[in-house]
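# Structure at a glance
Chain by chain, the residues run as shown.
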Amino acid sequence: MSNEVRAIFNRIAPVYDQLNDQLSLGQHRIWKEMTVKWSAAKPGDTGLDLCCGSGDLTFRLARHVGKIGKVYGVDFSANLLNTAQERCKNYYPQPPINWIEADVLNLPFDDNYFDTATMGYGLRNVKDIPGSLKETHRVLKPGAKAAILDFHRPDNQQYRAVQQWYLDNLVVPIATNLGLKDEYAYISPSLDRFPTGKEQIELALEAGFMNATHYPIANGMMGVLVVRN
């Protein structure tokens, strides 16, 4: 990821969770739970949450792998990782999570290390999407699944217009009130560059995954790419 994107996420860290709740009307919790279920995480697994941010998916993944499993939360934003570690202190017993500052294009793990992986709202922000998918493929064991949640441009023009209205009239104003207009204005142009669900499937297969499926959710405004090694 670029230093510019890293700087954005470092700046929004203090209000990241509050914004996610407001901007999705709390729906992001449901989407994240669906994502973890699609990752097929089970008790005893070693799981990886890429672009973990403040830890929402990481904590969910930790619940699925249980006390005998372990989870690594990876992000390139030191501020978001600090937020995740502070949130972790509120859990008892402590979930089996290791927090690691790293680039998803160069993960500090051996080949075939993880049983399962998740990513929430991260793939759209990496500077090399095919490279990120290849690196995810590298660290997953044969047969392992990964589930990747992100915004998605709906095929339906009416839903696309609704999404644009939502970004222009809800996301940016709320962010502006928190002094973060520039930080959230980047979402719309990043969506224009982001591969469609069909294109994501093609990229995943090219990265080496055995199969890939893209599930549109929220009327196609979100999507989950599910891949298997």
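Per an unreviewed UniProt entry, the recorded name for the chain is 2-phytyl-1,4-naphtoquinone methyltransferase, and the organism is Dolichospermum heterosporum TAC447. In UniProt, the chain has this text filed under Catalytic activity (unreviewed entry): "demethylphylloquinol + S-adenosyl-L-methionine = phylloquinol + S-adenosyl-L-homocysteine + H(+)". Looking at the Sequence similarities (unreviewed entry) heading of the UniProt record, one finds this comment for the chain: "Belongs to the class I-like SAM-binding methyltransferase superfamily. MenG/UbiE family."

### Some thoughts on the packing of aromatic side chains
Any pair of aromatic rings gets described here by the distance separating the centres and the angle formed by the planes. Scanning all chains against the criterion turns up ten aromatic pairs. Relative to Trp99, the ring of Phe59 lies with its centre 5.7 Å away and its plane at 70 degrees, an arrangement referred to as edge-to-face. Placement of the pair is Phe59 in helix α4 (residues 56-65) and Trp99 in strand β3 (residues 97-101), with a sequence separation of 40 residues. Phe59 sits in the buried class, given a relative accessible area of 3%. With centroids separated by 6.1 Å and ring planes inclined at 70 degrees, the aromatic side chains of Tyr72 and Tyr113 adopt a geometry described as edge-to-face. In this pair, Tyr72 sits in strand β2 (residues 70-75) while Tyr113 sits in the loop between β3 and β4 (114-120), placing the two residues 41 residues apart along the sequence. What links up through ring pairs into an aromatic cluster is the set Tyr72, Phe109, Tyr113 and Phe114.

### Some thoughts on the nonpolar core
Among the nonpolar cores identified, the biggest contains 29 residues, and Leu48, Phe109, Leu123 and Leu133 are the most heavily contacted of them. Of all elements in the fold, only β1 (46-50), β2, β4, α6 (129-139), β5 (140-151), α10 (197-206) and β7 (222-228) reach the threshold of two or more residues within this core. Here this core takes four residues from β5, the largest share from any one element. In this view, Phe109 contacts Leu48, Tyr72, Val74, Ile100, Phe114, Arg138 and Val139; residues no more than four positions away in its chain are not counted.

### Details of the side chain of Arg60
Summarising the element assignment, Arg60 is placed in helix α4. Among the polar contacts made by the side chain of Arg60, one reaches the side chain of Glu33 at a distance of 3.3 Å. Of the polar contacts made by the side chain of Arg60, one reaches the backbone oxygen of Asp56; its length is 3.3 Å. Non-local contacts of Arg60, meaning those with residues more than four positions away in its chain, are made with Arg29, Lys32, Glu33 and Val36.

Cut-offs applied
Residues numbered from 1 in each chain as written. Predicted model: local features only at pLDDT ≥ 70, side-chain atom pairs only at ≥ 80, totals over all residues. Heavy atoms only, no water. UniProt positions renumbered as here; feature names shortened; annotations may be inferred. Phe/Tyr/Trp six-rings, centres within 6.5 Å; stacked < 30°, edge-to-face > 60°. Helix = DSSP H or I, 4+ residues; strand = E, 2+ residues; numbered from the N terminus. Buried < 20%, exposed > 50% of the residue type's maximum accessible area, 1.4 Å probe, protein only. Core = buried A, V, L, I, M, F, W, Y, C linked by side-chain atoms within 4.5 Å. Contact = heavy atoms within 4.5 Å. Polar contact = N/O pair within 3.5 Å; in protein donor to acceptor, adjacent residues only side chain to side chain.

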